Structure formats: structure tokens, C-alpha cells
Amino acid sequence: MSLLHMDTKLKGRDFLSLKDYTAEEIVYLLDLADFIKAKVKNGEPYEVLKGKTLGLIFEKSSTRTRVSFEVGMVQLGGYPLFLSSNDLQMGRGEPIRDTARVLSRYLDGIMIRTYNHNDVEELAAYADIPIINGLTDALHPCQVLADLQTIREYKGHNLKGMKLAYIGDGNNMAHSLMIGGAKMGMEVYVASPGEYNPDSHWVDIAKEIAKESGGKIILTQDIGEASKKADVLYADVWASMGQEKETAERVKALSKYQINDALIKKAAKDVIVMHCLPAHRGEEIADEVIEGEHSVVFDEAENRLHAQKAVLASLL
Ligand code: CP
Ligand code: NVA
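Is there a simple way to think about the overall build of the chain in this case?
Each helix and strand counted, the chain has 13 helices and 9 strands in total. Relative to the globule expectation of 20 Å for 316 residues, the C-alpha radius of gyration of the chain, 19 Å, shows essentially globular dimensions. With the C-alpha coordinates of the chain rotated into their principal frame, the extents come out at 55 × 45 × 35 Å. In the chain, buried positions account for 56% of the 316 residues. Across the chain, contacts joining residues at least 24 apart in sequence account for 75% of those joining residues at least 6 apart. Taken as two groups, the 37 positive and 47 negative side-chain charges of the chain have centres that lie 2 Å from each other.

Could you clarify how one ought to interpret the sheet that holds strand S8 (residues 232–235) in this entry?
The pairing of strands in a sheet happens through backbone hydrogen bonds and is either parallel or antiparallel. As summarised here, the arrangement of the 5 strands in space is S7-S6-S5-S8-S9, forming an open sheet in which the pairing is parallel. Edge positions in the open sheet fall to strand S7 (216–220) and strand S9 (272–275), since each of these has one partner strand only. Within this sheet the neighbouring strands show an average axis-to-axis angle of 20°, counted without direction. As judged from the 5 bridges shared by strand S5 (residues 163–167) and strand S6 (residues 187–191), these two strands associate in the parallel manner. Each residue of the ladder has a partner; that of Lys-163, found in S6, is Glu-187. Packed onto the sheet, helix H7 (residues 172–183) meets S5, S6, S7 and S8 and runs at close to 165° relative to S6.

Can you help me understand the layout of surface pockets in this one?
Here the largest pocket is characterised by a volume of approximately 590 Å³. Lining the largest pocket are 37 residues, with Leu-135, Val-237, Ala-239, Ser-240 and Met-241 sitting closest to its centre. At the level of secondary structure, the elements contributing two or more residues to the lining of the largest pocket comprise helix H3 (64–75), H7 and helix H10 (247–254). The element contributing the most residues to the lining of the largest pocket is H10, with 3 residues.

Looking at this structure, I do not really get H3. What am I missing?
Within an α-helix, residues lying three or four positions from one another point in the same direction, as the helix has 3.6 residues per turn. Its 12 residues give H3 an end-to-end C-alpha distance of 16 Å, which sits within 8% of 16 Å, the value for a rise of 1.5 Å per residue. Turning to H3, its buried residues are Thr-65, Ser-68, Phe-69, Gly-72 and Met-73. Around the axis of H3, the buried residues are gathered within 125° of arc, so they sit on the same side. Along its buried surface, H3 packs onto strand S1 (53–58), strand S2 (79–84), strand S3 (109–113), strand S4 (131–133), helix H6 (141–155) and helix H13 (297–315). Positive phi appears at Gly-77, one or two residues downstream of H3, with a value of about 90°.

What is the right way to look at the site of ligand 1 in this model?
If you check the shell around ligand 1, you find Ser-62, Thr-63, Arg-64, Thr-65, Arg-113, His-140, Gln-143, Cys-276, Leu-277 and Arg-304 and nothing else. Contact with the protein chains hides 95% of the accessible area of ligand 1, taken as 250 Å² for the molecule alone. A molecule is said to occupy a pocket when more than half its atoms come within 2 Å of that pocket's grid points, and by this definition ligand 1 occupies the largest pocket. Split by residue class, the shell around ligand 1 holds 2 nonpolar, 5 polar and 3 charged.

Whenever I open this one, the site of ligand 2 confuses me. Can you help?
Around ligand 2, the surrounding shell consists of Leu-135, His-140, Asn-171, Asn-172, Asp-236, Val-237, Ser-240, Met-241 and Leu-277. Here a nitrogen atom of ligand 2 and a side-chain polar atom of Asn-172 are 2.8 Å apart. One of the side-chain N or O atoms of Ser-240 is found 2.7 Å from a nitrogen atom in ligand 2. Summarising the interface, the protein chains cover 94% of the accessible area of ligand 2, which totals 270 Å² for the free molecule. A majority-of-atoms criterion places ligand 2 in the largest pocket. Here the shell around ligand 2 is built from residues that sort into 4 nonpolar, 4 polar and 1 charged.

What should I look at first to understand the pattern of salt bridges in this one?
In a structure, side chains of opposite charge can pair up when their charged atoms sit close to one another. The full count for this structure, using the stated rule, is 20 salt bridges. The partner of Lys-50 in a salt bridge is Glu-47, and the shortest N-O contact between them spans 3.3 Å. Arg-281 is the partner of Asp-287 in a salt bridge, and the nearest nitrogen-oxygen pair spans 2.8 Å. Salt bridges here are not isolated pairs; linked through shared partners, they connect Lys-9, Arg-13 and Glu-25.

Please clarify how the packing of helix H2 (residues 23–41) against H6 should be interpreted in this entry.
If you want to describe how two helices pack, look at the angle between their axes and the distance between the axes. One way to put it is that H2 packs onto H6 with a least axis distance of 10 Å and a crossing angle of 70°. Taken together, the axes of H2 and H6 lie roughly perpendicular to each other. Contact residues: Ile-26, Val-27, Leu-29, Leu-30, Asp-31, Ala-33, Asp-34 and Lys-37 in H2; Leu-145, Leu-148, Gln-149, Arg-152 and Glu-153 in H6. In the contact of H2 with H6, the residues fall into 7 nonpolar, 1 polar and 5 charged.

Would you explain the sheet that holds S1 in this entry?
One open sheet accounts for 4 strands, arranged S2-S1-S3-S4; its pairing is parallel. The two strands at the open ends of the sheet, each matched to only one other strand, are S2 and S4. The average undirected angle you get between the axes of adjacent strands in this sheet is 20°. Sheet topology places S1 next to S3; 5 bridges connect them, and they run parallel. Its bridge partner being in S3, Ile-57 is matched across the sheet by Ile-112. Running over the sheet, helix H5 (residues 117–126) touches S3 and S4 and is turned about 165° from S4.

The rules behind each value
- Residues numbered from 1 in each chain as written.
- Chains lettered and ligands numbered in written order.
- Predicted model: local features only at pLDDT ≥ 70, side-chain atom pairs only at ≥ 80, totals over all residues.
- Heavy atoms only, no water.
- Helix = DSSP H or I, 4+ residues; strand = E, 2+ residues; numbered from the N terminus.
- Rg over C-alpha atoms; globule rule 2.2 N^0.38 Å.
- Buried < 20%, exposed > 50% of the residue type's maximum accessible area, 1.4 Å probe, protein only.
- Contact = heavy atoms within 4.5 Å.
- Lys, Arg positive; Asp, Glu negative; His and termini not counted.
- Charge placed at Lys NZ, Arg CZ, Asp CG, Glu CD.
- Pairing = 2+ DSSP bridges.
- Axes fitted to C-alpha atoms, helices over the stretch in contact; angles between N-to-C directions.
- 1 Å grid on protein atoms, 1.4 Å probe; cavity = no way out; pocket = protein on both sides within 12 Å on 5 of 7 lines; lining within 4 Å.
- Points joined across faces, edges and corners; volume = space filled by probe spheres on them.
- Expected span 1.5 Å × (residues − 1).
- Arc of directions from axis to C-beta.
- Near = heavy atom within 4 Å.
- Areas by Shrake-Rupley, 256 points an atom, 1.4 Å probe, with all protein chains shown as cover.
- Sits in = over half its atoms within 2 Å of the grid points.
- Nonpolar A, V, L, I, M, F, W, Y, C, P; charged D, E, K, R; others polar.
- Polar contact = N/O pair within 3.5 Å; in protein donor to acceptor, adjacent residues only side chain to side chain.
- Salt bridge = Lys/Arg side-chain N within 4 Å of Asp/Glu carboxyl O.
- Parallel < 35°, antiparallel > 145°, perpendicular 65-115°, else oblique.

Printed below as a string of C-alpha cells:
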């Protein structure tokens, strides 16, 4: 398929989950992200969204997502509007379906970060403009697109058969890594204590995708099995946004699910260590690991900017 054809195929689409994108479309977005990154590094403008506006709705905190979307939109020649849900009528109960139809009359796209994944689905169903999922309790696809870009930079473009071990809470990151990894034909291990396993709904979806791509999705409680010869070790917080009250019990249940030097020794020699950030050093990841030679977390954070610009340039 020609690149031009792909470009028209992506225009106007939502970006709620990588499950809705073919492997070919994901690779196209990753290639475009690499191209855009090179442009930034060479100081060459890439202003393909002149005159376009993107609304950014946040119901949860953010450093990376907010700043990378705002800066990304400006670098593409467009205009970002930060919309705190506290200030929107939506925060006072205006229905999502009305908000969707009103904002569609003003904006060219919306990125939303919220709790309930169904709210994002509803926004997308009623809006006439692309809706981008900037994290829900269920999924974080923008992060995984940047993660795949980072893995390609360190490990080469052939992701098929590569082993990624996610250690910890079976949360939105675990779900999205399973889906994105399965699309790319990777072997994704999720090691978590039984009660914090990923949601079976997303596991089933990822397993279906893996069947087609030749990838593997394996859930285990055994961090040794998961990390054995792993090419990528991945950590995320034990208590996600909205789960703060459960922190004490989660820290107790997940205390062995930490990426530390002992775990690195089980992995491949050239393993890369990833974390979507923010990190809690001494909990899901040891300080010496996040600061150590295998850590790629700041390149990973940078790639949020480039990968999301690829999404914006393609969809808007
Ligand atoms: N990784 C990530 O989404 O970071 P923020 O919560 O800072 O946006
Ligand atoms: N699982 C984390 C990811 C933060 C980027 C959370 O939802 O808080």
C-alpha cells in the first residue's frame, strides 16, 4: 500500500486502542514518528496542521501527555486548547454526548484522559472529529505507540518474536502493551500476583490478535519465568491514578514484583528497561535500575512527543 493511500485511510479515525489499527497501520505511524523525530533533530519545520485545533480534556493529572500533546500540536503548526474537566460543563454533569457534538463544531480533534473507558467510547461515538485516548483506567495506547518506537530504536525494526516482560499490576499499561505487542507479533509476558492479573476482557482481545500475528500472550505469577531472557523489562506503578486509597494493600501484595538488579540478571544481556513514568523508586523499580545502563525511560518519554505527532498528523 502506498504511503499516500495509508494517509487517506487514517484521516478522521479515532485512536482509542491499538486493537483498531492493523499491524501495517501501526508500522506506518511508527515510521512517520521516526521521520518526524528526525525533522525535529534537524531543526526542520513540519507544519502540516496549520489552522487546526486540538482540545485536550484532562480529568486526571499529567506531565508527559499534556506537555507532549501541547508542544506537538504547536510544532505541527496547529493550536492546542487545554480543557480541565473542572472548568468544562461536563464536570458539572453536561452529558458526554452533548459535549461531543458541541466540541465537534469548534475543534478538529480531541484528546481525552479520563477514568471510565466507556466515556471515551461514547465521546467517539457522538463526535464527528477524531478522538484520541490519552489514558483511561483500561488503556493507554499513546504510551504504547511511543514504547514501540523506542523498542525499535534499541532493538531493530523486526519486533516479531521479541520478548517483553511486564512486571507488576495488571493495569491499563499491561492491557495496552499486550494489545500493541500482540499486533507486532511479540511475546508479551505479564507477571502479577493472581488478584492483580490484567482484566480478562483485554487479555482475550490480545490473545485473539496474537493468534493472527504469531505473537504470544502469557500470564504468570512467576517473575523469573517472565524475565528469563527478556529483551524488554517493563514496569509501571502499583497503584494507578484513582487507586490511591488502595496503595498500602497493593504495596504489600506486589512487593516482589519489582524490577531490580536480580531480575535484570535473568533477562537478555542487552535487555532494555522501560517505564511509562511517573515512577515510584524502591517500589515497582529499583533506583539503581531506573538510573542504570539498561534504562531507556527518558528516550521513551521523549518519544511520546514524536509518536503522538504522527498520530495527530495522520488523523486530523
Ligand atoms: N506516561 C504518562 O502518560 O505520563 P503522564 O501521566 O505524566 O502524562
Ligand atoms: N498506570 C498508570 C499509568 C500512568 C501513566 C496510571 O494509570 O496511573
